[in-house]
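# Observations on the three-dimensional arrangement
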Amino acid sequence: MHTGKERVAVVTGASRGAGKGIALALAAGGATVYVTGRSQQEDDAPLPGTVYATAEAINAAGGNGVAVCCDHGDDAQVKALFDRIGEEHGYLDILVNNATALPDALVQPGPFWEKPLELTQLFDVGMRSHYAATWHAAPLLLASDGALVVNTSSFGGRIYMHGPAYGAGKAAVDKMAHDMAIDFEPHKVCVISLWMGLLLTERTRLVFEAEPEKYADLMATIEHPEFSGDVIAALANDEQRMARTGKVWIGAELGAEYGVVDVGGQTPPSHRAFFGGTTEFGEAVVE
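Here we summarise the structure given alongside this text. (Residues numbered from 1 in each chain as written. Predicted model: local features only at pLDDT ≥ 70, side-chain atom pairs only at ≥ 80, totals over all residues. Heavy atoms only, no water.)

## As for the sheet that holds strand β4 (residues 94-97)
The test is simple: Here a strand pair is declared whenever DSSP counts at least two bridges between the two strands. Under the scheme used here, helices are H or I runs from DSSP no shorter than 4 residues and strands are E runs no shorter than 2 residues, and both carry numbers assigned from the N terminus. Note on geometry: axes are C-alpha line fits, over the in-contact stretch for helices, and angles between N-to-C directions span 0 to 180 degrees. Any pair of residues with heavy atoms lying within 4.5 Å of one another is described as a contacting pair.
Taken in spatial order, the 7 strands of this open sheet run β3-β2-β1-β4-β5-β6-β7, and their pairing is parallel. Of all strands in the sheet, those with a lone pairing partner are β3 (64-69) and β7 (248-250), marking the two edges. For this sheet the average axis-to-axis angle between neighbouring strands, irrespective of direction, equals 20 degrees. In terms of strand pairing, strand β5 (residues 148-153) meets strand β6 (residues 190-195) through 6 bridges, oriented parallel. The partner of S153 across the bridge, within β6, is W195. Its contacts with the sheet place helix α3 (residues 75-88) against β1 (8-11), β2 (32-37), β3 and β4, and it is angled at close to 150 degrees to β3. Against the sheet, helix α4 (residues 121-142) contacts β4 and β5, and its axis sits at roughly 175 degrees relative to β4.

Structure follows, in structure tokens:
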């Protein structure tokens, strides 16, 4: 990364949830963080949060927040985002691909054919948008002299979680990180997929507050979104990070290795014992 220069990061899907927490954590080091999202006003979505509010919080955290209204289902808007960064900085140190469609029907019980076909939105904003953002960002990442790309993911890439649409989307971004890492490796760009735990987002907070006794055990294992951001920041600061490229990593385990703790000083569990280990890919390369 640009030693001695301003660190520049992009976090997609950062109006709220994981993206907002990650952006705030990266900002704590004084970075310029471009945050994208579609929510411009508080009534734009059922959940609270806007891309402008995230940028203001970044400024308050000691960074430089830049709000960019961007629909990651629209390639022209994505191109405009990275064209702007190219004009304003000429390089990009960290790209966090987090923007993901989460239709309300995702967590409804029942088999996939009883759920609406709109769940395939996960393939557009999530799977495809991660590819498109990294494609547009590539020249800027190469100019950074050692950048980092992180796809946010979950154990759903390996186990049954919320049905086949969600699972396919997460498995895809995991494999995408592996394959992109091969292309990026000669340029010292590290690419990983990060499995986050159950996050205390605006969405989960509403669920837990409605039935606190029912979810008491889950609350004991919760991760704050900022924890994932602190893990990403630690990885970005690791001079040996290329040893981790092309792999899937459990955020809680990376945090333990780097000595990162959650809000309040807790150490989140990895859930490996319950869900199993990370996906492993073959070493053969066919070009």
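## Focus on the state of the cysteines
Note the threshold: Throughout, disulfides are identified as pairs of cysteine sulfur atoms within 2.5 Å of each other.
Throughout the structure, instances matching the rule amount to 0 disulfides. C69 supplies the cysteine sulfur nearest to C70, a cysteine that is in no disulfide, at a spacing of 8.9 Å.

## Describing α3
This is how the line gets drawn: Multiplying one less than the number of residues by 1.5 Å gives the expected span of a helix. Buried, partly exposed and exposed residues are distinguished by accessible area as a fraction of the type maximum, computed with a 1.4 Å probe on protein chains only: under 20%, between the cut-offs, and over 50%, respectively. The arc in question is traced by the directions running from the helix axis to the C-beta atoms. Polar contacts, as used here, are pairs of N or O atoms within 3.5 Å; protein pairs need one atom able to donate a hydrogen and one able to accept it. Residues neighboring in sequence count only if both atoms are side-chain atoms.
With 14 residues, α3 should cover 20 Å at 1.5 Å per step; its first-to-last C-alpha distance of 20 Å lies within 8% of that length. Regarding α3, the residues found buried are V78, L81, F82 and I85. End-on view of α3: buried residues confined to an arc of 80 degrees, all on one side of the axis. Exposed side chains of α3 directed beyond 90 degrees from the buried face belong to A76 and E87. Lining the buried residues of α3 we find β1, β2, β3, β4 and α4. Its side-chain oxygen at 2.9 Å from the backbone nitrogen of A76, D74 defines the N-terminal cap of α3. Count one or two residues on from α3 and you reach G90, which has phi positive near 85 degrees.

## Quick word on the pattern of salt bridges
Selection rule: Salt-bridge detection follows one rule: a side-chain nitrogen of Lys or Arg within 4 Å of a carboxyl oxygen of Asp or Glu.
With the rule as written, the count across this model stands at 6 salt bridges. E88 is paired through a salt bridge with R84; the nearest N and O atoms lie 3.0 Å apart. Here E88 and its partner R84 are both found in helix α3, 4 residues apart, which amounts to about one turn of the helix. What makes E88 partly exposed here is its relative accessible area of 42%.

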